[in-house]
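Here is how the chains run, residue by residue.
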Amino acid sequence: MTEKEETMDVSDSSDSVPSKKNGRTSLLDSGEDFEVLDEDDIDDDPPPLEDAGGGKVKNTDESEKETADTDPQAPVEEWLDVLGNDQLKKKVLETGEGRDSRPQKGQNVKINLKTCLKDGTLVEEQPDLSFTLGDGDVIQALDLTVQLMEMGEKALIQTDAKYAYGARGSLDPEVPPNAELSLEVELREATDAPDLELLPPAEKIALAIHKRERGNVHYQHGDYAFAVNSYSIALQIAESSSKVDISPEEENELMDVKVKCLNNMAASQLKLDHYDAALKSCVSALAHQPENIKALFRMGKVLALQGEYADAIQTLRKALKLEPSNKTIHAELSKLVKKNSEQRGAEQAMYKKMLGNPTSGSGTQKHRAKSSWGLSWKWLFGATAVAIGGVALSVVIAARN
């Protein structure tokens, strides 16, 4: 694991109730607002998508009909302000098959998509683009607006960068930072997600990897909460039970995807300062692979951030023993040893202050006692000498007389 690898193993809905399709829950409904590794290394819940209005929005046909009935001269409202903040708008170009044909979150949808900058510059065209609605597989603008479209409908969507590629922009597709986009969308198909228990192992592995890679994209864009969401969905897929035969090799592949997701989830949770959740992710990864270097390293970092320096040092020493040449672990361990030493020194100073420095005090008392005892002996010796001298003088005087 290089210093670059230390970072990662390569990463708001209209309803409050999570949708469940074939036993899988979309975490975009759960509620919560993480340095990056190479793609080969990438291995506390995200915020819901902002309320898109859901069923509360009247479709264009109904609005036009009501307007015509009340005032034939009244202008028709062409643009729908999806979020009420004028940053995501939708206009129907061709009506679809009716309100009942709208797709539901958790379904797999297929669209034709043409993406342009606000000035009309073409970014890319994607016919037959497939994704799971509500899973964060695409930019937020699409996740929010496609659920408001009818089957067969063509719509024009204008979105602020906030709901597209944000302040960082994108290299693939090539989108500059803070770019507003214009999207032409045609909804062609909506089907229920496959039953994970009946999904062939190869397809299950591919699906889990796809969701994990989407989490990596979110992580690289700094969208750590959405990265957690994608990794969580990938974990649900990898951990789902299977009613079809699966080979040991395929089980190992699923386990590898699972551990990578847990490692990257921990990295994302660290970025969100969700230390307890990150520690739990590391513990889960180590339960499957006790000698996983990245899991041990991140666990050491989490423990250090929680102030558990002794445990952090012990964990990092274990990681270093497995990979003695790793400079990143060396640097982190050295830093923690120094912090731990400083902390212990501060604690010892505090204890001495609290106890009034008893060792120094007792030494002073002994010194004073010794000095007092020495003074007493000097006084006794002097008094005795004076007395003896007096007696001797008396004897001399008597002898002369």
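Rules of the game
- Residues numbered from 1 in each chain as written.
- Predicted model: local features only at pLDDT ≥ 70, side-chain atom pairs only at ≥ 80, totals over all residues.
- Heavy atoms only, no water.
- Core = buried A, V, L, I, M, F, W, Y, C linked by side-chain atoms within 4.5 Å.
- Buried < 20%, exposed > 50% of the residue type's maximum accessible area, 1.4 Å probe, protein only.
- Helix = DSSP H or I, 4+ residues; strand = E, 2+ residues; numbered from the N terminus.
- Expected span 1.5 Å × (residues − 1).
- Contact = heavy atoms within 4.5 Å.
- Pairing = 2+ DSSP bridges.
- Axes fitted to C-alpha atoms, helices over the stretch in contact; angles between N-to-C directions.
- pLDDT = per-residue confidence, 0-100.
- Phe/Tyr/Trp six-rings, centres within 6.5 Å; stacked < 30°, edge-to-face > 60°.
- Salt bridge = Lys/Arg side-chain N within 4 Å of Asp/Glu carboxyl O.

1. Notes on the nonpolar core
Judged by nonpolar contacts, the single largest core of 44 residues is most densely connected at Y219, M299, I329 and L336. Only α3 (201-220), α4 (224-239), α5 (248-271), α6 (275-288), α7 (293-305), α8 (309-322) and α9 (327-354) provide two or more residues apiece to this core. Core analysis: the next-biggest nonpolar cluster, separate from the first, contains 31 residues, L117, L142, L144 and L183 among them.

2. Observations regarding α3
Along its 20 residues, α3 runs 29 Å from first to last C-alpha, staying within 8% of the 28 Å computed at 1.5 Å per residue. Among all positions of α3, only P201, K204, I205, A208, K211, R212, R214, G215, N216, H218 and Y219 are buried. Contact partners of the buried residues in α3: β6 (122-132), α4 and α5. Just beyond α3, the residue with positive phi is G222, at close to 80°.

3. Re the sheet that holds strand β4 (residues 88-94)
Taken in spatial order, the six strands line up as β3-β4-β7-β8-β5-β6 in an open sheet, and their pairing is antiparallel. Pairing within the sheet leaves two strands with one partner each, and these edge strands are β3 (79-81) and β6. Looking at each pair of strands side by side, their axes are set apart by 25° on average, direction ignored. Pairing of β4 with strand β7 (residues 154-159) involves six bridges; the strand directions are antiparallel. In the sheet register, K91 faces β7, and the bridge partner there is L156.

4. Thoughts on the confidence of the model for the chain
Across the chain, the average pLDDT comes to 79, with 68% of residues at or above 70. In this model residues 44-61 is a low-confidence stretch, pLDDT under 50, and it forms 73 contacts with partners more than four residues away in sequence or in other chains. Contacts of residues 63-76 to residues separated by more than four positions or lying in other chains number six contacts, the stretch itself having pLDDT below 50.

5. A few points about α6
Over its 14 residues, α6 extends 20 Å from the first C-alpha to the last, a length consistent with the 20 Å expected when each residue adds 1.5 Å. Looking only at α6, the buried set comprises A277, A278, L279, S281, C282, A285 and L286. Those residues of α6 that are buried lie in contact with α5 and α7.

6. A short note on the packing of aromatic side chains
Taken as a whole, this structure holds one aromatic pair when the rule is applied. With a centroid separation of 5.2 Å and an interplanar angle of 70°, the aromatic rings of Y219 and Y224 are classed as edge-to-face. Of the two residues, Y219 and Y224, both sit in the buried class.

7. Structural notes on the pattern of salt bridges
One side chain can pair with another of opposite charge once the charged atoms of both are near each other. According to the stated counting rule, one finds eleven salt bridges in the structure shown. For K154, the salt bridge is made with E94, and the minimal N-O distance between the two is 3.8 Å. Placement of the pair is K154 in strand β7 and E94 in strand β4, with a sequence separation of 60 residues. The partly exposed category is assigned to E94, whose relative accessible area is 41%. What emerges from the salt-bridge pattern is a single network uniting D135, D137 and K211.

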